[in-house]
Amino acid sequence: MYSVLWEPMGDGKRVISLADNQALLWDLQESPTKATVSSTATLEGKGQLKFTSGKWSPHHNCSQLATANDTAIRGWDLRTMSQIYCVENAHGQLVRDLDFNPNRQYYLASCGDDCKVKFWDVRNVQEPVKTLEEHSHWVWSVRYNQSHDQLVLTASSDSRLILSNMVSISSEPFGHMVDDEELSEGEDNPQEEKVKEPLKDSVVSTYEEHEDSVYAAEWSSADPWLFASLSYDGRLVINRVPRALKYRILL
Amino acid sequence: MGTHWLCCGGSFWSELAMDADTDSSGGPDESGRRRKVHGMLKLYYGLDEEGKISEKSQSLDPCDINGPHFDPELYLNKLRRECSLAELMDQETCMVKQIRSLDSDMQTLVYENYNKFISATDTIRKMKNDFKKMEDEMDCLSANMAAITDFSANISGTLQDQHAQITKLSAVHTLLRKLQFLFELPARLNKCLELKAYAQAVSFHRRARCVLQQYSHLPSFKGIQDDCHAIMDMLAQELRQRFRDGGTSAKDLSECVELLLQLDEPAEELCDKFLSHARSRLEADLQGLEAEIRPYPTAVKDDSARRSSAGSPTDSSPKTSSLPSPTPNTDILEFIDRGCNEFVSSLCLVIASYQELFISHAQTGELASKNIPQMANRKLHVFVDDLAAQYFSLVERRIQEEKGVSDNSLLVRALDRFHRRLQAVSKLLPSSTVPNQGTEIVIRAATERVKQYLAALQSFYMDSLTDVRQALAAPRLSVAGGTGSGGGPHLGGGATSRDAPNSLPELLSILSASILNQIKSVLASVHLFTAKDITFSNKPYFKGEFCSQGVRESLVVNFIKFVCQSSRQFCESAGDKGGSTPPALLLLLSRLCLDFETSTISYILTLTDEQFLVQHHSPVTPVTILCTEAREAAQKLLNHYVKVQGLNISQMLRKSVETRDWVNTIEPRNVRAVMKRVVEDATSIDVQVGLLYEEGVRKPHSSDSSKRTFSVYSSSRQPVRYAASYTPSAPMDTNLLSNIHKLFSERIDIFSSVEFNKVSVMTGIIKISLKTFLECVRLRTFGRYGLQQIQVDCHYLQMYLWRFVSDENLVHFLLDEIVGSCAHRCLDPSPMEQSVIEVICERG
């Protein structure tokens, strides 16, 4: 058994478990005490294939699952339990974690032992949309902010936690339509135009409080500007998104 | 020198002699005169300019005994003040001696001059006598001349009358002859017409025309004029017919035109006719040329089936020089030769005759008033431009077919000839754009050639890389690398280089040497374009832009950039798709790029600059930028090498950790084979890197590091940790310990950049491997013996790996971490006795 995934939306009556080379979809609706397996999917191929990670997509009425095994990322349709896409060699080495963009239905982030974080559009699995190479060791976890999906957390065994601002592939557009209209009305504000210049994709900050490998990072479900990270030495570090960036995003 | 001294001495002498006078009379007048005399004396002694200058330079010091400003009083005072008695005495004797020698010199001089004076007096006396005799003879001569003049005047007086009569008679005779000519003119013209001596007829007519015109009011002359007109009309008809038929040679043709012009034919029409005639002949030449180009593609198309094998010279690789150039018919030199001989020379002929006929002739004759030269010139330009454009397009097509880069001299010679021949056109037609267009074609061909060379260089580079790859893949090298791990690194390396030609340093030197040679040979070929005996080499383009932009930038610089880029591509393409590039190649390329940075680039560029005398009018890529680029490439390659090798080892470690059941393992008896393998691999990598890179700096360590640090590592810390872990306070304790340790140790960047030396590379690789080991261990659960096995393994690694890295503490720290993490993940953490571990490791 590798992991258990709750249905991200809906009434939470379904659970997926990933074990070795099988993904099992459990239905909890039948009875309050007993779960029944409603369908299974099996990973088939040469050698002993094992799921290393998985994520339930919150989009498409919760009918999609993404899993990772070795260097490949696979997408599954839960209604038929069949593979819908496969990114071979998504990473140079093992893929460690996956996360779906909560606001853009085809966007998927992955991280792995090649120290990279990659962003995929699952409609085009040939090339990643973006690649981040900030870490100097395996990246263990990648998480989208639930409300502002340009904010991405990555945790790595180089004992760093990195908060990146991926503006170019976020669901929030650069400028607002309103601004354009305002600009067309008043011509005397070229400076303001400069201010509205789209933000570049950038690393917001690198948190080096951990002394050992950081294995998990997670956003707070209550406060979108709060996040926590956990490292091997048992240290849990809670941080906030820098105020300047917060205002920049909000205003 | 002697004279100079003497002169100075003389001046001193006279100064000294006049000393008393100066004191007594003391007038400035007196001293001035004395100086004048003195100057004359110097002149007499043949004092040269230098002497004067030197005298001037020393003139201001009054104490200088030889200077003109010498003041005896001051001098004496100075001597008296500065010198002791003995010195004064010495000075005195010395001076007396000098005075005496000057005296004797003076006497000698006077004596010599006296002798010369005597002989001069003799000579003058002799001359006086001779002159007397000469005077007598001159008197005699003048008397004779007067007599001759008288006679001559007499004779001319007598002959005057006869001369006037003769002049008159001859004038009458001329007039009569002219009249006779006029009367005979029609008959003569007819005869000329019969004999087809058109030129003569026209010249007769021209001579008579004015006279006839002038006297046409006289009936007899009128008749002659009419007759002549009739005949000349016929003549003109005849000529026009001949001109129109055209079949005659160029010379005939031009003669025709000349005559017609003299007969007041409309020049414009004649120009057109002449040019169209010439055009048809030139176009025939051009078609001949075109036919030489055309057969190739059509032939291939037609008999493609037949010559499918023979028709492949297009893809003949540029390296093979034995294959003929793509065009089977003629080589380019022959083609250009033919073009020059046929087309250009006849074009020149046409231009020359045309100019002679319509322009230079017309300028002198009466036609100049009608703007004919301008009109004719215009027509000529249009004509020449049109035909030249056709010719150029043919030549360019032909040049474009010249793909093979084997023999550049042929092309250069052809272009040279092409260009040289066009100079003839420019001489004839200075304002024409044709030579410039020709130069442009040459320039285009040259740049095209440079591009081809770049492509050839690039493909050569890729080919040699493939060769290197094959050489690396050959089993010998791997065997050599394997043996290297057994013996010492030097032993293995030495054996490799001796019997196998494929050892890394040799491959590297072969590769770089062959690249350098290729560049040199390409430069030499390109250099032909700027050779002194090539006419177009002194064009400003070939002097400036071609050298700097063409050769330096687009050939050499681009090639270097290409090398860097292609090297970098090895990192990128191989990085994600499972590394098809052999690591040794990465290492080799990295060293190659580094060598490029340190020496090769500047050498190549200096060579280029020297060979081509590049004057940097336009900004060129400086050496530093290329060097940085090469360095970056080298760095990237080396980093990639570290990554790949680290990955290989860590893959092994990971498999070994992941595939084992660590909870239910048996008590360790041996070091696991995979650890031995890791050490072996590290050793062979060490050998491999050592072949190409220097050792690098290590942090100092004791002579017996493995033992000493081992004892510290195991006996002082580990037992405390594991023994303590039984007690509740233990986790805190270990955490504290490790945290304190971490506080004082620097953060380790695992995949960081490495330096260009062996130790740094090895450190990088080992860091990656051990970190992987650590992370894998943390993902597993261990039983008692599992922990002990890890302990044994780590100790084994400890024993062998420290020697590869720059800072052995790094290895200790990581291994500590591994064992520590393992203990954390252990269900029953009871460590093995240190002595037992040592025994097992010593044995294994």
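Before reading on, note that the structure itself is shown above.
Residues numbered from 1 in each chain as written. Chains lettered and ligands numbered in written order. Predicted model: local features only at pLDDT ≥ 70, side-chain atom pairs only at ≥ 80, totals over all residues. Heavy atoms only, no water.

1. Description of the overall build of chain B
When its secondary structure is counted, chain B shows 27 helices and zero strands. For chain B, with 844 residues in total, the buried portion stands at 42%. Long-range contacts, defined as pairs at least 24 residues apart, comprise 82% of the intrachain contacts of chain B with a sequence gap of at least 6. For chain B, the accessible area works out to roughly 45000 Å², and carbon and sulfur atoms hold 57% of it. (Helix = DSSP H or I, 4+ residues; strand = E, 2+ residues; numbered from the N terminus. Buried < 20%, exposed > 50% of the residue type's maximum accessible area, 1.4 Å probe, protein only. Contact = heavy atoms within 4.5 Å. Areas by Shrake-Rupley, 256 points an atom, 1.4 Å probe, with all protein chains shown as cover.)

2. Describing the overall build of chain A
When helices and strands are counted, chain A shows three helices and 19 strands. Residue burial in chain A is summarised as follows: out of 251 residues, 49% are buried. For chain A, long-range pairs separated by at least 24 residues make up 44% of all intrachain contacts whose partners lie at least 6 apart in sequence.

3. Brief notes about the sheet that holds strand S12 (residues 130–132) of chain A
Residue and element names in this part refer to chain A. Strand order in the open sheet formed by four strands is S9-S10-S11-S12, with antiparallel pairing between adjacent strands. With partners counted over all chains shown, the strands left at the sheet margins are strand S9 (95–100) and S12, one partner each. Taken pair by pair, the neighbouring strands of this sheet meet at an average axis angle of 20°, ignoring direction. Two elements, strand S10 (residues 107–112) and strand S11 (residues 117–121), share five bridges in a ladder whose sense is antiparallel. (Pairing = 2+ DSSP bridges. Axes fitted to C-alpha atoms, helices over the stretch in contact; angles between N-to-C directions.)

4. Quick look at the layout of surface pockets
The calculated volume of the largest pocket comes to roughly 1200 Å³. Contributing to the lining of the largest pocket are 36 residues, with Lys50, Phe51, Thr52 and Leu94 of chain A together with Glu658 of chain B lying nearest its centre. Of all the secondary structure elements, the ones that give two or more residues to the lining of the largest pocket are strand S1 (3–6), strand S5 (53–56), S9, strand S13 (139–144) and strand S17 (214–219) of chain A together with helix H20 (623–658) of chain B. For the lining of the largest pocket, the per-class residue count stands at 12 nonpolar, 12 polar and 12 charged. (1 Å grid on protein atoms, 1.4 Å probe; cavity = no way out; pocket = protein on both sides within 12 Å on 5 of 7 lines; lining within 4 Å. Points joined across faces, edges and corners; volume = space filled by probe spheres on them. Nonpolar A, V, L, I, M, F, W, Y, C, P; charged D, E, K, R; others polar.)

5. A few points about the interface of chain A and chain B
Taken together, the contacts link 25 residues of chain A with 21 residues of chain B. Counting the surface lost from both chain A and chain B, the interface buries some 2000 Å², and carbon and sulfur atoms represent 43% of this. Along the contact surface separating chain A from chain B lie two salt bridges. Between Asp113 of chain A and Arg654 of chain B there is a salt bridge, and its shortest N-O distance comes to 2.3 Å. Linking chain A with chain B are nine residue pairs in polar contact (both at pLDDT 80 or more). Broken down by class, the residue content of the side of chain A that touches chain B amounts to six nonpolar, eight polar and 11 charged. (Buried area = accessible area lost by both parts, 1.4 Å probe. Salt bridge = Lys/Arg side-chain N within 4 Å of Asp/Glu carboxyl O. Polar contact = N/O pair within 3.5 Å; in protein donor to acceptor, adjacent residues only side chain to side chain.)

6. Some words on a negative patch on the surface
The grouping of Glu135, Asp136, Glu137 and Asp139 of chain B at the surface amounts to a negative patch. Tracing the chain through its elements places Asp136 of chain B in helix H5 (residues 85–195). (Patch = residues over 30% accessible without salt bridge, like charges linked within 9 Å, V, L, I, M, F, W, Y side chains within 5 Å. Lys, Arg positive; Asp, Glu negative; His and termini not counted. Charge placed at Lys NZ, Arg CZ, Asp CG, Glu CD.)

7. As for the state of the cysteines
All names here are of chain B. Scanning all chains against the criterion turns up zero disulfides over all chains. Looking at the unpaired Cys841, the closest cysteine sulfur is the one in Cys794, lying at 9.7 Å. The buried category is assigned to Cys841, whose relative accessible area is 1%. (Disulfide = S-S within 2.5 Å.)

8. A word on the pattern of salt bridges
Residues and elements named next belong to chain B. Counting across every chain of the model gives 23 salt bridges over all chains. One salt bridge in this structure joins Asp595 and Arg591, with 3.3 Å as the shortest N-O distance. Of this pair, Asp595 and Arg591 both sit in helix H19 (residues 583–612), four residues apart, which is roughly one turn of the helix.

9. Topic: the nonpolar core
By size, the foremost hydrophobic cluster in this structure holds 187 residues, and its most contacted members are Phe383, Tyr391, Val526, Phe529, Leu555 and Phe773 of chain B. Look past the residues within four positions of Phe383 of chain B in its chain and what remains in contact with it is Leu275, Ala278, Arg279, Leu282, Leu347 and Val350 of chain B. (Core = buried A, V, L, I, M, F, W, Y, C linked by side-chain atoms within 4.5 Å.)

10. Focus on the packing of helix H14 (residues 434–473) of chain B against H19 of chain B
All names here are of chain B. Where H14 contacts H19, the axes come no closer than 10 Å and their chain directions differ by 135°. In this view, H14 runs oblique relative to H19, as classed from their interaxial angle. For the crossing formed where H14 meets H19, the hand is right-handed. Contact residues: H14 offers Tyr461, Leu465, Val468, Arg469 and Leu472, while H19 offers Ala584, Leu585, Leu588, Leu589 and Leu592. Counted by class, the contact of H14 with H19 contains nine nonpolar, no polar and one charged residues. (Parallel < 35°, antiparallel > 145°, perpendicular 65-115°, else oblique. Left-handed = near helix turned anticlockwise from the far one by under 90°.)

11. Looking at the packing of aromatic side chains
For the structure on display, the rule yields 13 aromatic pairs over all chains. Here Trp219 of chain A and Phe227 of chain A contribute two aromatic rings whose centre-to-centre distance is 5.2 Å and whose plane-to-plane angle is 70°, an arrangement assigned as edge-to-face. For Trp219 of chain A, a relative accessible area of 8% corresponds to the buried category. On the basis of an interplanar angle of 50° and a centroid distance of 4.8 Å, the ring pair of Tyr796 of chain B and Tyr800 of chain B is categorised as tilted. In this pair, Tyr796 of chain B and Tyr800 of chain B are both assigned in helix H25 (residues 784–801), four residues apart and thus about one turn of the helix distant. Taking the relative accessible area as the measure of exposure, Tyr796 of chain B reaches 6% and is therefore buried. Residue classification places Tyr800 of chain B among the partly exposed positions, given a relative accessible area of 24%. Feature note: the residues Trp138, Trp140, Tyr215 and Tyr232 of chain A constitute an aromatic cluster, connected by ring pairs. Of note, Arg96 of chain A hangs over the ring of Trp140 of chain A, and the distance from its end group to the ring centre comes to 4.2 Å. Geometry around Tyr693 of chain B places Arg591 of chain B over its ring, the cationic atom sitting 4.9 Å from the centre. (Phe/Tyr/Trp six-rings, centres within 6.5 Å; stacked < 30°, edge-to-face > 60°. Lys NZ or Arg CZ within 6 Å of the ring centre and 35° of its normal.)

12. Some words on a nonpolar patch on the surface
All names here are of chain B. Together, Met138, Leu141, Met145 and Ile148 line one region of the surface with nonpolar side chains, adding up to about 420 Å² of accessible area. Examined against the element boundaries, Ile148 turns out to sit in helix H5. A relative accessible area of 51% places Ile148 in the exposed class.

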